[in-house]
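Architecture at a glance
Below are the chains, spelled out letter by letter.
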Amino acid sequence: MKKLLAFVLAAAMSLSLAACGGSTATSSAPASGAASGSAAPASTEAEKYKVGILAPAVTHGWVAAVAYHAEARCKELADKVDYKLYTSNNADEMTSQLDDLMTWGAKAVVAFPQWEGMEVPIKKAVDAGITVVNFDIAINVDGVYRVSGDNEGMGVEGAKYIVDKIGKTGNVVILDVPTSGSVAELRKKGFTETVAKLAPELKLSTYATKFTREDGLKDFADILTKNPKIDAVYSMDDETSIGALQAIKEAGRTDIKVITGGGGAQEYFNMMPQNENIWIESALYSPAMVRDAVDVAVNVLDGKTEEKVKIIPTTIVDRTNCAKFKDDKSPY
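Residues numbered from 1 in each chain as written. Predicted model: local features only at pLDDT ≥ 70, side-chain atom pairs only at ≥ 80, totals over all residues. Heavy atoms only, no water.

1. Some thoughts on the sheet that holds strand 15 (residues 316–317)
Strand pairing in a sheet is mediated by backbone hydrogen bonds. Such pairs are either parallel or antiparallel. Spatially, 11-13-15 is the arrangement adopted by the 3 strands of the open sheet, whose pairing is mixed. Of all the strands in the sheet, the pair left with one neighbour each is strand 11 (262–263) and strand 15. Pairing of strand 11 with strand 13 (residues 282–284), which is carried by 2 bridges, proceeds in the parallel orientation. When the bridges of strand 13 are listed, Gly262 appears paired with Ala283. (Pairing = 2+ DSSP bridges. Helix = DSSP H or I, 4+ residues; strand = E, 2+ residues; numbered from the N terminus.)

Below you can see the structure in the form of structure tokens.
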């Protein structure tokens, strides 16, 4: 009887221990990476998607903000996303980083492939079953999703804004950036075609510059000496416009009533309410659009249907609404 009782007690204890035990979820280690990369905290691999972010290293304030907004969106989706972020200086570096992400097990990659030569490595990722969402840049690879702003629409809205502020006659300077390829071509196309429809009597003069405040200052200082009367300036970029505004101030010119811009720079927003004698405008081509690229990647992984190309319309910002677009933490 004692032996039987001992056996029953031993069996009961064994069952009790089994009931108290459970499977322990394995947490992924914090993503390691090159000095150019950063990663989210550890998370449960079984519950989260691995998403890689590839962006160029900082060459312009706008570019810096792409990485900022992509990382911010990944952090907002921390309940379902593990991420690694890398920045690169050339195509070879970005290609190596893409290989790292594939080895890490990324299910999706959001890429801003500014460098030529990214078609082959991105096709390799797509062929491996990775969801690739390109931000802004279009490349010739089947199966890639893309999220971009509306360059031509920015020109259309800039033309409407200038005509609204100065009327259908006057002298307008176009600050073209031919080195930017299709970006400036589309913005100029939207502007000139809309002016031709709305105010064909406007006199348009075109000058070349670049998307930097230094070039905007230098080039517009020369433009001011050549043009004694300017009513409005069609600038395609906020940085260029900041330089042009400095040239206007230093020359003591009061004839210019409107200057447009493009992008969405916080510094430029801050200038809008401070200059009551000139309408300062920005047609948004915001780096925050990369958030939509992250969302597209996650939606595809969730099995949702997404269009291959998503074009985000521009929004006009000036002194009447700039407070809505302030972000003190943004690097741009």
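2. Notes on the environment of Tyr68
Relative to the helices and strands, Tyr68 resides in helix 2 (residues 61–76). Its relative accessible area of 23% is what places Tyr68 among the partly exposed residues. (Buried < 20%, exposed > 50% of the residue type's maximum accessible area, 1.4 Å probe, protein only.)

3. Details of empty space enclosed by the protein
Under the criterion given, the structure shown has 2 cavities of 30 Å³ or more. In this structure, the second largest cavity spans a volume of roughly 40 Å³. Looking at the second largest cavity, the residues that line it are Leu54, Met94, Leu98, Val109, Ala111, Pro113, Met118, Ile122, Ala125 and Val132. Looking at the lining of the second largest cavity, the elements that each hand over two or more residues are helix 3 (91–104), strand 4 (108–111) and helix 4 (119–127). Here the residues of the lining of the second largest cavity sort into 10 nonpolar, no polar and no charged. (1 Å grid on protein atoms, 1.4 Å probe; cavity = no way out; pocket = protein on both sides within 12 Å on 5 of 7 lines; lining within 4 Å. Points joined across faces, edges and corners; volume = space filled by probe spheres on them. Nonpolar A, V, L, I, M, F, W, Y, C, P; charged D, E, K, R; others polar.)

4. Some thoughts on the packing of helix 2 against helix 10 (residues 290–301)
It is at 8 Å that the axes of helix 2 and helix 10 come closest, and there the two elements cross at 40°. Relative to helix 10, the element helix 2 is oriented oblique. Pair helix 2 / helix 10 crosses with right-handed handedness. Along its contact with helix 2, which presents Val66, His69, Ala70, Ala72, Arg73, Cys74 and Glu76, the element helix 10 presents Val290, Arg291, Val294 and Asp295. (Axes fitted to C-alpha atoms, helices over the stretch in contact; angles between N-to-C directions. Parallel < 35°, antiparallel > 145°, perpendicular 65-115°, else oblique. Left-handed = near helix turned anticlockwise from the far one by under 90°. Contact = heavy atoms within 4.5 Å.)

5. Considering the layout of surface pockets
By rolling a water-sized probe across the atoms, one finds the places where empty space is left. Approximately 910 Å³ is the volume found for the largest pocket. Forming the boundary of the largest pocket are 38 residues, of which Gln114, Asp136, Ile137, Ser180 and Val183 lie nearest the centre. For the lining of the largest pocket, the secondary structure elements donating two or more residues are helix 2, strand 6 (145–149), helix 5 (151–166), helix 6 (182–198) and strand 11. Sorting elements by how many residues they give to the lining of the largest pocket places helix 6 first, with 4 residues. The residue makeup of the lining of the largest pocket, split by class, is 16 nonpolar, 13 polar and 9 charged. A volume near 210 Å³ is recorded for the second largest pocket. Lining the second largest pocket are Leu245, Ile248, Lys249, Arg253, Thr254, Ile256, Lys257, Asn275, Glu276, Asn277 and Ile278. In terms of residue class, the lining of the second largest pocket is made up of 4 nonpolar, 3 polar and 4 charged.

6. Brief notes about the sheet that holds strand 12 (residues 279–280)
On the basis of which strands lie adjacent, the open sheet formed by 5 strands has the order 8-7-9-10-12 and parallel pairing. Here the strands that pair on one side only, and so sit at the sheet edges, are strand 8 (203–208) and strand 12. Pairing of strand 7 (residues 171–176) with strand 9 (residues 232–235), which is carried by 4 bridges, proceeds in the parallel orientation. The residue bridging Val173 from the neighbouring strand is Val233, located in strand 9. Sitting on the sheet, helix 5 touches strand 7, strand 9, strand 10 (258–259) and strand 12, and the angle it makes with strand 9 is about 170°.

7. Concerning the pairing of strand 3 (residues 81–88)
The buried fraction of strand 3 amounts to 8 of the 8 residues, a majority that puts the element mostly inside the structure. Here strand 3 shows two buried faces, one formed by Val81, Tyr83, Leu85 and Thr87 and the other by Asp82, Lys84, Tyr86 and Ser88. The pairing of strand 2 (residues 49–56) with strand 3 spans 8 bridges and is parallel. What sits directly across from Pro56, in strand 3, is Ser88.

8. Thoughts on the packing of aromatic side chains
A full pass over the atoms with the stated rule returns 6 aromatic pairs. When the ring of Trp62 is compared with that of Phe135, the centres are 5.9 Å apart and the planes differ by 10°; the resulting orientation is stacked. One end of the pair, Trp62, is in helix 2; the other, Phe135, is in strand 5 (residues 131–135), and 73 residues separate them in sequence. Each member of the pair, Trp62 as well as Phe135, carries the same accessibility label: buried. Note on Phe191 and Tyr234: the rings are 4.0 Å apart at their centroids and 5° apart in plane angle, and the pair reads as stacked. Placement of Phe191 in helix 6 and of Tyr234 in strand 9 is noted, with a sequence separation of 43 residues between them. (Phe/Tyr/Trp six-rings, centres within 6.5 Å; stacked < 30°, edge-to-face > 60°.)

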